[in-house]
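Reading the structure
Now for the letters of each chain:
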Amino acid sequence: MESRETGLCGRLKLKKYVRSYAMILALASIWIIFQAVTQGTFLSIRNISNLFRQMSVVGVLAIGMTVCLIAGNFDLSVGSVTGFLGAVAAWSISGLSQSPMAAVLLAVVIGCLIGCWNGFWIAYAGVPAFIATLGSSLIFKGGLYIVTQGTTIPVRDPFFLTLGQKYLPPALGYLLAGGTLIAFVFFDVRHQSSLSRVLGEQVSYFKRFGRYAGYLLVGAAFVVVMNSYEGIPIAVFVLLLLAGALTFVLAKTRFGRKVYAVGGNPRAARMSGINNAAVCMTTFIIMGGLAGMAGVLQTARLAAATPGAAMGMELDAVASSVIGGVSLAGGSGKVINSVIGALVMASLTNGMSLLNVNSDVQYIVKGLILIVAVWFDVRMRRAQNG
């Protein structure tokens, strides 16, 4: 009996390990395949830098979608909202002669208000998230055409374009990487000390050192590769900053614990005194604000707002989150894994573009990837529950 329980625990740990690292294996496989078929172009320093810059917009949407999915909801309007808010930012600069900071703030604030709109219908009016956000998608798709009048709105403000097109100085990149590692080690040591006092759990120093060394190698390799071209793209820095902030919120705050509780078991969360509606509303406000930031980064990268901007990005955001291991049933997932999932989706798009694959075929491939990712999520949940 004891050996059977031991074997069961071992299988569950193995399945959890596979679930956590399958995306890493998928990303490595995609890079190796595209490196071979593009004859070395895909993993060139310049293309890697462009790849990370391209994935920043979807990455920002993916971390917001992660919060919604963990809470047991999703948002199908983020593509249209991102395009709409990017056009609002462009219009405020080109049409109203506003400062770039005012344009960014305007986009984020309106995004939060749109999140309130979606959150009200879902949390308080009882409209299913699918219907509420699908309706919002149509509304703001129309709003995008109204703002742009069906034409492109160019943006020439140098400071605004810096957000999407410029890079951090190399020395600053190393400094930020070092500071991030020090902060991570500090908080991890505090967390492990708390576990040791409360639960009596103690992680060996060898495992700790191995984990820290792994993060150091990954961070150092990332900074070295980015600095080999022109530096860390500012858009990527914004993405990592937002991802770090949301990771802290979900892992270290009461609100984060409430999000996991509501997504994992809404009834139990309600009986324990959690205001499920308020948590739901807050997650959609976060999603709306991040959609505003994504719209700014998209417009700054293209130096213009277009009527077709960001269309379909909601599917990329959902796919990135699911590939990153976020459960569609709610209650589980990590922000950093969704960022890696966004990198997987961006790698597919970038690699197929290098091969001159038609956009219609790219949509087919992305659709298949989404179906497989959801199937994998369902299988893993059944295995863990069964």
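Computed from a prediction, not measured in an experiment: that's the story for all the values here. (Residues numbered from 1 in each chain as written. Predicted model: local features only at pLDDT ≥ 70, side-chain atom pairs only at ≥ 80, totals over all residues. Heavy atoms only, no water.)

Let us look at the layout of surface pockets. If you add up the space inside the second largest pocket, you get close to 670 Å³. The set of elements that each furnish at least two residues to the lining of the second largest pocket consists of helix H2 (45–70), helix H12 (276–302), helix H13 (313–323), helix H14 (335–354) and helix H15 (359–385). Split into classes, the residues belonging to the lining of the second largest pocket amount to 15 nonpolar, ten polar and three charged. (1 Å grid on protein atoms, 1.4 Å probe; cavity = no way out; pocket = protein on both sides within 12 Å on 5 of 7 lines; lining within 4 Å. Points joined across faces, edges and corners; volume = space filled by probe spheres on them. Helix = DSSP H or I, 4+ residues; strand = E, 2+ residues; numbered from the N terminus. Nonpolar A, V, L, I, M, F, W, Y, C, P; charged D, E, K, R; others polar.)

We now examine the nonpolar core. For soluble globular proteins, the rule of thumb is that nonpolar side chains tend to be buried together. Counting 91 residues, the largest nonpolar core has Phe52, Met55, Leu61, Ile63, Phe160, Val296 and Leu297 as its most contacted members. Top element by residues in this core is H2. It accounts for 15 residues. With near-sequence residues (within four places) excluded, Phe52 lies in contact with Phe222, Met226, Val236 and Leu343. (Core = buried A, V, L, I, M, F, W, Y, C linked by side-chain atoms within 4.5 Å. Buried < 20%, exposed > 50% of the residue type's maximum accessible area, 1.4 Å probe, protein only. Contact = heavy atoms within 4.5 Å.)

Take the packing of helix H3 (residues 78–94) against helix H4 (residues 100–124) next. The contact between H3 and H4 brings their axes to 9 Å, and the two run at 150°. Handedness of the H3/H4 crossing: right-handed. Where H3 abuts H4, its residues Val81, Phe84, Leu85, Val88, Ala89, Ser92 and Ile93 lie against Pro100, Ala103, Leu106, Ala107, Ile110, Gly111 and Ile114. Its residues assigned to classes, the contact of H3 with H4 shows twelve nonpolar, two polar and no charged. (Axes fitted to C-alpha atoms, helices over the stretch in contact; angles between N-to-C directions. Left-handed = near helix turned anticlockwise from the far one by under 90°.)

A few words on the side chain of Ser77. Its place among the elements puts Ser77 in the loop between H2 and H3. A distance of 2.6 Å separates polar atoms of two side chains, one belonging to Ser77 and the other to Asp75. Setting aside anything within four residues of it in sequence, one finds Ser77 in contact with Asn118, Thr133, Ser136 and Ser137. (Polar contact = N/O pair within 3.5 Å; in protein donor to acceptor, adjacent residues only side chain to side chain.)

The phi torsion of most residues other than glycine is negative, and most of the peptide bonds are trans. The phi dihedral of Gln39 is positive, around 55°, even though this residue is not glycine. Of note, Gln39 is situated in the loop between helix H1 (2–37) and H2. Gln39 gets classed as exposed once you look at its relative accessible area, which sits at 76%. Unlike most non-glycine residues, Asn356 shows phi in positive territory, near 60°. Among the structural elements, Asn356 can be located in the loop between H14 and H15.

One can describe the packing of helix H9 (residues 234–252) onto H12 by two numbers: an axis separation of 11 Å at closest approach and a directional angle of 170°. On the basis of the axis angle, H9 is roughly antiparallel to H12. From H9, Ala235, Val238, Leu242 and Leu246 reach across to H12, where they touch Ile286, Leu290, Met293 and Leu297. Along the lines of polarity and charge, the residues of the contact of H9 with H12 split into eight nonpolar, no polar and no charged. (Parallel < 35°, antiparallel > 145°, perpendicular 65-115°, else oblique.)

A word on a nonpolar patch on the surface. Together, Trp117, Phe120, Trp121, Tyr124 and Ile139 make up a nonpolar patch on the protein surface, roughly 520 Å² of accessible area in all. Assignment of secondary structure puts Ile139 in helix H5 (residues 129–148). Overall, Ile139 belongs to the partly exposed group, its relative accessible area being 48%. (Patch = residues over 30% accessible without salt bridge, like charges linked within 9 Å, V, L, I, M, F, W, Y side chains within 5 Å. Areas by Shrake-Rupley, 256 points an atom, 1.4 Å probe, with all protein chains shown as cover. Salt bridge = Lys/Arg side-chain N within 4 Å of Asp/Glu carboxyl O.)

The next point concerns the confidence of the model for the protein. Summing up the model confidence of the protein, the mean pLDDT is 86 and the portion of residues at 70 or higher is 89%. For the stretch residues 1–10, pLDDT sits under 50, and the model shows zero contacts to residues farther than four places along the chain or on other chains. (pLDDT = per-residue confidence, 0-100.)

As for its position among the elements, Asn276 is in helix H12. If sequence neighbours within four positions are ignored, Asn276 has contacts with Val262, Pro266, Ala269 and Arg270.

So, about H5. Compared with the 28 Å implied by 1.5 Å per residue over 20 residues, the 28 Å span of H5 between its first and last C-alpha is a close match. Among the residues making up H5, those that are buried are Ala129, Ala132, Thr133, Ser136, Ser137, Phe140, Gly143, Leu144 and Thr148. Viewed along the axis of H5, the buried residues span an arc of 140°, placing them on a single side of the element. What points out from H5, more than 90 degrees from its buried face, is the exposed set Leu138 and Ile146. Here the buried face of H5 lies against H3, H4, strand S1 (153–154) and H12. (Expected span 1.5 Å × (residues − 1). Arc of directions from axis to C-beta.)

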